[in-house]
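Commentary on secondary and tertiary structure
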Amino acid sequence: MKFHERFVLELKSSKMSQKEIAERLNIDESNITKWKKGDHIPSLEVFYQLCVLLEVSADYLLGLTD
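Before going into details, it helps to say that this report is about the structure given with it. All values reported here derive from a predicted model rather than from experimental measurement.

1. A few points about the packing of helix α2 (residues 18-25) against helix α4 (residues 44-54)
- Their axes nearest at 10 Å, the elements α2 and α4 cross at an angle of 125 degrees. The angle between the axes of α2 and α4 places the two elements in the oblique class. Here the hand of the crossing between α2 and α4 comes out right-handed. On α4, the residues that touch I21, R24 and L25 of α2 are V46, Q49, L50, L53 and L54.
- Looking at the contact of α2 with α4, its residues break down into six nonpolar, one polar and one charged.

2. Examining α2
- Those residues of α2 lying buried are Q18, I21, A22 and L25. Along the axis of α2, the buried residues cluster in a sector spanning 100 degrees; they form a single face. The exposed set on the far side of α2, more than 90 degrees from its buried face, consists of E23 and R24.
- Looking at the buried side of α2, the elements it contacts are α1 (3-14), α3 (29-37) and α4.
- Within two residues after α2, N26 carries a phi angle of roughly 60 degrees, on the positive side.

The rules behind each value
- Residues numbered from 1 in each chain as written.
- Predicted model: local features only at pLDDT ≥ 70, side-chain atom pairs only at ≥ 80, totals over all residues.
- Heavy atoms only, no water.
- Axes fitted to C-alpha atoms, helices over the stretch in contact; angles between N-to-C directions.
- Helix = DSSP H or I, 4+ residues; strand = E, 2+ residues; numbered from the N terminus.
- Parallel < 35°, antiparallel > 145°, perpendicular 65-115°, else oblique.
- Left-handed = near helix turned anticlockwise from the far one by under 90°.
- Contact = heavy atoms within 4.5 Å.
- Nonpolar A, V, L, I, M, F, W, Y, C, P; charged D, E, K, R; others polar.
- Buried < 20%, exposed > 50% of the residue type's maximum accessible area, 1.4 Å probe, protein only.
- Arc of directions from axis to C-beta.

In structure tokens, the structure reads:
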């Protein structure tokens, strides 16, 4: 699976809204929409914060592990 596919799965299981995640990461909500579509990926700093927030490993979100 690619990043955007895993991100969508984790977003659903987190039960947090896009708005809530965007607020916690201090980013615009449109970034999350772009990640979900696979149009963009987060910066390294935001990616790290996203992994912590979703409580998943970077390897998992990147599709390196299951």
